[in-house]
Amino acid sequence: MKRMQFIRPTEHYDQRITDIDEQICALIKQRKERSDNNPGFPSFEYISDWAAKFELYEDFLKTVFGTLFSEDHFKPMVEPTGFRKHIAVLQSIEADEFFYTLTSIRQYSNASVVTLSIDWDITSELYANKLNHFELYIGEAYDSRMTNGGSSSGHAAYNYVVSPQLPDDISGIKLEFREFSSPLKKDGTGTEIVFKLE
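Throughout what follows, the structure given in this document is the object of discussion.

Quick notes on the overall build of the protein
Here's step 1: Regarding its fold elements, the protein presents three helices and eight strands.
Here's step 2: Mapped from its N terminus to its C terminus, the protein presents α and β elements in the order α-α-α-β-β-β-β-β-β-β-β.
Here's step 3: For the protein, with 198 residues in total, the buried portion stands at 28%.
Here's step 4: For the protein, the accessible area works out to roughly 13400 Å², and carbon and sulfur atoms hold 54% of it.

Pasting the structure below:
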C-alpha cells in the first residue's frame with residue numbers, strides 16, 4: 001500500500017547520541033545478516049524480560065520489532081509514469097466460489113500495473129470468513145507491491161505496481177497471487193491464484 005510521507009516529528013536532536021544511533025543502525029544490519037534477513041519475531045516472554053532489564057515499555061519494544069519484521073514494506077516504491085498502452089489478458093479462474101479475473105496490464109515507461117478483480121455471490125456464507133489480502137509474485141527479477149484496492153458488495157479490485165515493467169510480449173509469464181491473513185503478516189492461508197499468461 002502507498003505510505004504517507006514521513007514528517008520529522010521535531011527539529012530537536014541531541015548530537016551526543018549520534019554514535020549510539022549509528023551503532024543501532026550497525027546492529028540492525030548485523031541482525032539481518034545473521035538471520036539471513038529472516039529474523040521472525042521475538043516471543044513475548046523475551047520482550048517482557050528485555051523491557052524489565054532495560055527499563056523500556058513492552059508495547060514500545062513490540063512496535064520496534066514489528067517495524068523490523070516488516071522492513072520490506074519500507075522499500076522505495078516506483079510510481080508509474082508515462083502511460084504507454086494496455087495489454088489484453090482476458091483470463092479468469094474460479095476457486096472456492098470466488099471468480100478471479102485479469103482483464104489487462106497497463107504498461108508505463110518505468111513499470112506495469114496489474115489489476116486483480118474478485119467477484120463472489122454475496123449470499124454465500126463463505127465470504128463472511130474469507131481473508132482477501134493477496135500479494136503478487138512474478139519472480140526474483142520483479143518487485144511487486146499492492147498500491148490500492150477496494151471492495152463493494154460482491155466485488156473487489158486490487159492494483160499492483162510491478163517494476164521493472166513487464167515485457168510487451170507477456171507470453172510465458174506466470175502471475176501468482178498468494179493470500180495472507182493481513183498485509184503485515186507472512187503466514188499464508190494456502191490460497192494461491194496462478195495466471196499463466198499466453
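A closer look at the pattern of salt bridges
Here's step 1: This structure, assessed with the given rule, holds 11 salt bridges.
Here's step 2: Ionic pairing is found between E71 and K32, a salt bridge with its closest N-O pair at 3.0 Å. Of this pair, E71 sits in the loop between helix 3 (58–69) and strand 1 (83–95) while K32 sits in helix 1 (residues 18–34), and the two are 39 residues apart along the sequence.
Here's step 3: Look at E71 and you get partly exposed, because its relative accessible area is 35%.

Looking at the packing of aromatic side chains
Here's step 1: For the structure shown, the criterion picks out nine aromatic pairs.
Here's step 2: An angle of 35° between the planes, with centres 6.4 Å apart, marks the rings of F98 and Y100 as tilted.
Here's step 3: Judged by relative accessible area, F98 falls into the buried class, the value being 1%.
Here's step 4: A relative accessible area of 1% means that Y100 is categorised as buried.
Here's step 5: Geometrically, the ring pair formed by Y100 and F134 is edge-to-face, given 5.8 Å between the ring centres and 75° between the ring planes. One end of the pair, Y100, is in strand 2 (residues 98–108); the other, F134, is in strand 4 (residues 133–137), with 34 residues separating them in the sequence.
Here's step 6: An aromatic cluster is built from F98, Y100, W120 and F134, whose rings are joined through pairwise contacts.
Here's step 7: Over the ring of F44 we find K62, and its NZ or CZ is 4.2 Å from the ring centre.
Here's step 8: The ring of Y137 is capped by R178, whose NZ or CZ atom sits 4.0 Å from the centre of that ring.

A short note on the pairing of strand 5 (residues 143–152)
Across a regular strand the side chains alternate sides, sitting on one face of the sheet and then on the other.
Here's step 1: Of the strand pairs in this sheet, strand 5 and strand 6 (residues 155–163) are connected by nine bridges, and their pairing is antiparallel. Its bridge partner being in strand 6, R145 is matched across the sheet by V161.
Here's step 2: Counting the residues in the hairpin turn of strand 5 and strand 6 gives two residues, including G154, whose phi is positive at 85°.

Remarks on the pairing of strand 2
Here's step 1: Bridge analysis of strand 1 against strand 2 gives 10 bridges, and the strand direction is antiparallel. Directly across from I87, in strand 2, lies its bridge partner I105.
Here's step 2: The antiparallel pairing of strand 1 with strand 2 creates a hairpin that spans two residues between the two strands, and D96 there sits at a positive phi of about 50°.
Here's step 3: Bridge count between strand 2 and strand 3 (residues 112–120): seven bridges; the pairing is antiparallel. For T101, the partnering residue across the bridge sits in strand 3 and is S117.
Here's step 4: In this structure, the hairpin formed by strand 2 and strand 3 is closed by a connection of three residues.

Cut-off values and rules
- Per chain, residues are indexed from 1 in the order of the written sequence.
- Local features in a predicted model are, by the rule used here, given only for residues with pLDDT of at least 70; side-chain atom pairs are given and counted only at 80 or more, and totals for whole chains, interfaces and linings are based on all residues.
- For side-chain calculations, the full set of non-hydrogen atoms in the structure is used, while hydrogens and water are omitted.
- Numbering goes from the N terminus for both helices and strands, where a helix is a DSSP run of H or I of at least four residues and a strand is a run of E of at least two.
- Whether a residue is buried, partly exposed or exposed follows from its accessible area with a 1.4 Å probe, protein chains only, as a fraction of its type maximum: under 20%, in between, or over 50%, in that order.
- Accessible surface area values rest on a Shrake-Rupley calculation with a 1.4 Å probe, where residue burial reflects the displayed protein chains alone.
- In what follows, salt bridge is the name for a side-chain nitrogen of Lys or Arg lying within 4 Å of a carboxyl oxygen of Asp or Glu.
- Stacked, edge-to-face and tilted labels apply to pairs of Phe, Tyr and Trp rings (six-membered ring for Trp) whose centres lie within 6.5 Å, assigned for plane angles under 30 degrees, over 60, and everything in between, in that order.
- Placement of a charge over a ring requires the Lys NZ or Arg CZ to be within 6 Å of the ring centre, with the centre-to-atom vector within 35 degrees of the ring normal.
- Any two strands with at least two DSSP bridges between them are considered paired.

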